[in-house]
Amino acid sequence: MVHDNSNIGVNLLIIGDNNLNIGNDNLYIGDVLLIIGNTNFNIGGIKHKKVCFYSNPAVSASISFTFGLFINLLTLKNEGMIDPRYPIGKYESKDFSAEQKEEWLKTIKELPEKLKEAVAGLSEAQLQTPYREGGWMVRQLVHHIADSHVNAYIRFKLGLTEENPTIKPYEEKEWALLVDNDTVPITVSLSLLEALHTRWFATLAPITDEQWNRTVVHPEHGRLMSLWFLLGMYAWHSKHHVAHITSLREKNNW
Ligand code: NI
């Protein structure tokens, strides 16, 4: 966090999921964009603990308290801020290069193992814990990765064998609510992912540079997406959800 003047006092305001206790009805907030906190925050007592927050690239805000304390110091930058939904940030596509390809393919290859490590030793109760307030539980995350990557596998196969096939989006949130998410042990999805990624990786590893330029069509905007773009996206997706689990474990010292 960076702030641009030296006023002291509260140096950030948290409007968040957890334990926020403002304790002052007349507090008002200027144009603070949303900041998410993950621990206790008590403005009355002006104390805060570890916080995570995010905002648009730069936000200036004034916060007034009826007791006269005036603070005008929030110039937040994205650097160093962690939105709990995006522990590794959002996906950014990259230009094609052999090194990048190797890295992304390796991520695809290793996902089943990394995921297994991420959930190793978790109890049933821990598996039922959402990675953030309002987020998916660990077990849903595991099943979701399987759901998503089954779709991904099909998208690549279509893209490699047809001219600009239209891919089929799916309602991932609805899939995550289907009963099998509760009744099937995560080990089943871990095995599914192991088998799936073996074939997926074996499909992708040998394809030519030219084939990475093949495209599929997303039906919503008619947007063309290259297999290269998708490779990066699913490599990101692999790490993204594993990080949800590992950061939850870190946060809770599991
Ligand atoms: Ni996902």
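Residue positions are given per chain, counting from 1 as you read along its sequence in written order. Given that this is a predicted model, residues contribute local features only at a pLDDT of at least 70 and side-chain atom pairs are listed and counted only at 80 or more, while totals for whole chains, interfaces and linings are drawn from all residues.

A helix here means a DSSP run of H or I that spans at least four residues, while a strand means a run of E at least two residues long, and both kinds are numbered starting from the N terminus. Tallying secondary structure elements over the chain gives seven helices and eight strands in all. For every residue, the other C-beta atoms within 10 Å of its own C-beta are counted; 20 or more classify it as buried, 12 or fewer as exposed, and values in between as partly exposed. C-beta atoms are placed from the backbone. Sorting the 254 residues of the chain into buried and exposed places 25% on the buried side.

Inspection of the secondary structure assignment puts Trp-228 in helix 7 (residues 227-252). The exposure class of Trp-228 is buried, given the 21 C-beta atoms found within 10 Å. Distance in space between the C-alpha atoms of Trp-228 and Arg-214 is 8.1 Å, their sequence separation being 14 residues. Apart from the residues within four sequence positions on either side, Trp-228 is in contact with Phe-96, Trp-212 and Asn-213. Contact between two residues is assigned when their C-beta atoms, built from the backbone, lie within 7 Å.

On a range of 0 to 100, pLDDT expresses the predictor's confidence in each residue. Across the chain, the average pLDDT comes to 77, with 68% of residues at 70 or higher. Below a pLDDT of 50 lies the segment residues 1-12, which in the model reaches 26 contacts outside its immediate sequence neighbourhood of four places, other chains included. Confidence over residues 14-80 falls short of pLDDT 50; this stretch has 121 contacts with residues more than four positions distant or in other chains.

Here we take up helix 6 (residues 186-204). Counted at 1.5 Å a residue, the expected span for helix 6 with its 19 residues is 27 Å, and the 26 Å between its end C-alpha atoms agrees. All of the buried residues in helix 6 are Ile-186, Ser-189, Leu-193, His-197, Trp-200 and Leu-204. All buried residues of helix 6 lie within an arc of 70° about the axis, which places them on one face of the element. What points out from helix 6, more than 90 degrees from its buried face, is the exposed set Thr-187, Ala-195, Thr-198, Arg-199 and Ala-202. By this rule the span expected of a helix is its residue count minus one, scaled by 1.5 Å. In this description, one arc is meant: the one made by directions from the helix axis to the C-beta atoms.

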